[in-house]
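# Residue-level structure breakdown
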Protein chains: 2
Amino acid sequence: MNSYTLEPIGFIRSTVKGREDAPRQGPEGAPDAWLEIEPQFAKALLGMEVGHELMVITWLHKAKRDVLRGHPRSDESRPVTGVFYTRSPARPNPLGLHPVTVRAIKGTRLKIGPIEAFDGTPVVDIKSASTRADG
Amino acid sequence: MNSYTLEPIGFIRSTVKGREDAPRQGPEGAPDAWLEIEPQFAKALLGMEVGHELMVITWLHKAKRDVLRGHPRSDESRPVTGVFYTRSPARPNPLGLHPVTVRAIKGTRLKIGPIEAFDGTPVVDIKSASTRADG
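Reference entry: report on the structure contained in this document. (Residues numbered from 1 in each chain as written. Chains lettered and ligands numbered in written order. Predicted model: local features only at pLDDT ≥ 70, side-chain atom pairs only at ≥ 80, totals over all residues. Heavy atoms only, no water.)

This paragraph deals with the interface of chain B and chain A. Across the contact, 64 residues belong to chain B and 64 residues belong to chain A. Interface area, chain B with chain A, both sides summed: about 6,300 Å², of which 59% is carbon and sulfur. Our count for the contact surface shared by chain B and chain A stands at two salt bridges. Elements supplying a minimum of two residues to the side of chain B that touches chain A: β1 (4–6), β4 (53–59), β6 (81–82), β7 (95–106) and β9 (122–128) of chain B. Broken down by element, the residue count for the side of chain B that touches chain A peaks at six residues, all from β9 of chain B. (Contact = heavy atoms within 4.5 Å. Buried area = accessible area lost by both parts, 1.4 Å probe. Salt bridge = Lys/Arg side-chain N within 4 Å of Asp/Glu carboxyl O. Helix = DSSP H or I, 4+ residues; strand = E, 2+ residues; numbered from the N terminus.)

Taken together, six strands build a closed barrel; the order of strands is β2-β3-β8-β7-β4-β9 (chain A) and the barrel is antiparallel. Direction aside, the axes of adjacent strands within the sheet are offset by 45° on average. (Pairing = 2+ DSSP bridges. Axes fitted to C-alpha atoms, helices over the stretch in contact; angles between N-to-C directions.)

In screw terms, the move from chain B to chain A is a rotation of 180° and a rise of 0.0 Å along the axis, fitting with an RMSD of 0.0 Å. The transformation just described matches what one would write down for a two-fold rotation axis. In terms of C-alpha distance to the rotation axis, chain B has T5 of chain B as its closest residue, with the C-alpha 2.3 Å off the axis. In this assembly the copies share their binding face: 100% of the residues contributing to the interface of chain B also contribute to that of chain A. (Least-squares fit on C-alpha atoms with pLDDT ≥ 70 in both.)

The linkage connecting G113 of chain A with the following residue, P114 of chain A, adopts the cis geometry, with an omega of -5°. Structurally, the position occupied by P114 of chain A is in the loop between β8 (109–113) and β9 (122–128).

All names here are of chain A. Most of strand β4 (residues 53–59) sits out of view: six of its seven residues are buried. Bridge count for β4 against strand β7 (residues 95–106) is seven bridges, and the pairing is antiparallel. Its bridge partner being in β7, I57 is matched across the sheet by L97. (Buried < 20%, exposed > 50% of the residue type's maximum accessible area, 1.4 Å probe, protein only.)

On to the pairing of β9 of chain B. Residue and element names in this part refer to chain B. In terms of burial, β9 is a largely internal element, seven of the seven residues being buried. The pairing of strand β2 (residues 10–13) with β9 spans two bridges and is classified as antiparallel. Note that in β9 the partner of F11 across the bridge is P122. The pairing of β4 with β9 spans five bridges and is antiparallel. Bridge pairing links L54 to S128 in β9.

As a further point, take the side chain of K127 of chain A. Positionally, K127 of chain A belongs in strand β9. In this structure the side chain of K127 of chain A is engaged in a polar contact, spanning 2.5 Å, whose partner is the backbone oxygen of L95 of chain B. Sequence-distant contacts of K127 of chain A, that is, excluding residues within four places in its chain, are made with E53, L54, M55 and I57 of chain A together with F84, T86, R87, R91, L95, G96 and L97 of chain B. (Polar contact = N/O pair within 3.5 Å; in protein donor to acceptor, adjacent residues only side chain to side chain.)

A few words now on the sheet that holds β2 of chain B. Residue and element names in this part refer to chain B. Read around the closed barrel, six strands run β2-β3-β8-β7-β4-β9, paired in antiparallel fashion. Shown here is a sheet whose adjacent strand axes are inclined to one another by a mean of 45°, direction ignored. As defined by bridge partners, β2 adjoins strand β3 (residues 33–37) across four bridges and the pair is classed as antiparallel. Within β3, the residue paired with F11 across the bridge is E36.

So, about the packing of aromatic side chains. Counting across every chain of the model gives two aromatic pairs over all chains. Measuring from centroid to centroid gives 5.2 Å for Y4 of chain A and W59 of chain B, while their planes differ by 15°, and the two rings are stacked. Taken together, the residues Y4 of chain A in strand β1 (residues 4–6) and W59 of chain B in strand β4 connect one chain to another. The class for Y4 of chain A is buried, based on a relative accessible area of 10%. Above the plane of the ring of W34 of chain B lies R109 of chain B, whose end atom (NZ or CZ) is 4.3 Å from the centre. (Phe/Tyr/Trp six-rings, centres within 6.5 Å; stacked < 30°, edge-to-face > 60°. Lys NZ or Arg CZ within 6 Å of the ring centre and 35° of its normal.)

This part is about the pattern of salt bridges. Residues and elements named next belong to chain A. One pass over the structure, following the stated rule, counts twelve salt bridges over all chains. The closest approach of N and O atoms between D119 and K17, which form a salt bridge, is 3.5 Å. Taken as a pair, D119 in the loop between β8 and β9 and K17 in the loop between β2 (10–13) and β3 (33–37) lie far apart in primary sequence, 102 residues in all. Residue classification places D119 among the partly exposed positions, given a relative accessible area of 27%.

In this structure, I126 of chain A sits in strand β9. Under the relative-accessibility criterion, I126 of chain A is labelled buried at 0%. Here the alpha-carbon distance between I126 of chain A and L97 of chain A, two residues 29 residues apart in the chain, equals 9.8 Å. Among all residues touching I126 of chain A, those that are not within four sequence positions of it are I9, L35, I37, L54 and M55 of chain A together with V83, F84 and R91 of chain B.

So this is what it looks like as structure tokens:
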């Protein structure tokens, strides 16, 4: 089986330090956080502006990769469901998907939110949230 | 620098064979396609139903990884923009993001669409499109 290698393009710097601080999804009361882009990818930020809506893809480095089913939202009253029909962080390739707004830009640091990702979470991609911004 | 390894959880089987067949984004006239899940991940499909809306994440195996800026939609009348503010397939980690609807399910094969990904594109994750389906 082939495999593919991701490298981090940046990291999340957040007041959310772990599961006990984190809402389950960004819109459920998550804070803003800083996304620090690695210097070698700075050129890929050209055109970024405050107010833009982005899809940020993270690597959920604390998530289990060997879980294929579970109770949605860890709620045992909900039936066991395959992870491909949930947004659980536990999944074979632990990618996180975060719709955010750009709040501020300082050099290669973007203030974004709301985002529930933990402090230190690697970021692997950033895209326009608009399908009209295709390159 | 750390790096992370993805493995394909399935593959796209499509009438779109290459760039000449592909609209730039799914909603722009892309066809439906089959997503064939690898057998070892079949359990992660539990609960999947026709009509569900998903976010499918692909590995854009034909895309360049060393491009940081370009003209959006390859339109030279549009100013050069960083790839992190486009949806260009060319980007450091060539992940594709596809909002789709489940049209049919046959065993471990999901008919999904609309989707512009080429035939043979590896799929690395599938999530509910709803943030209320968190696990």
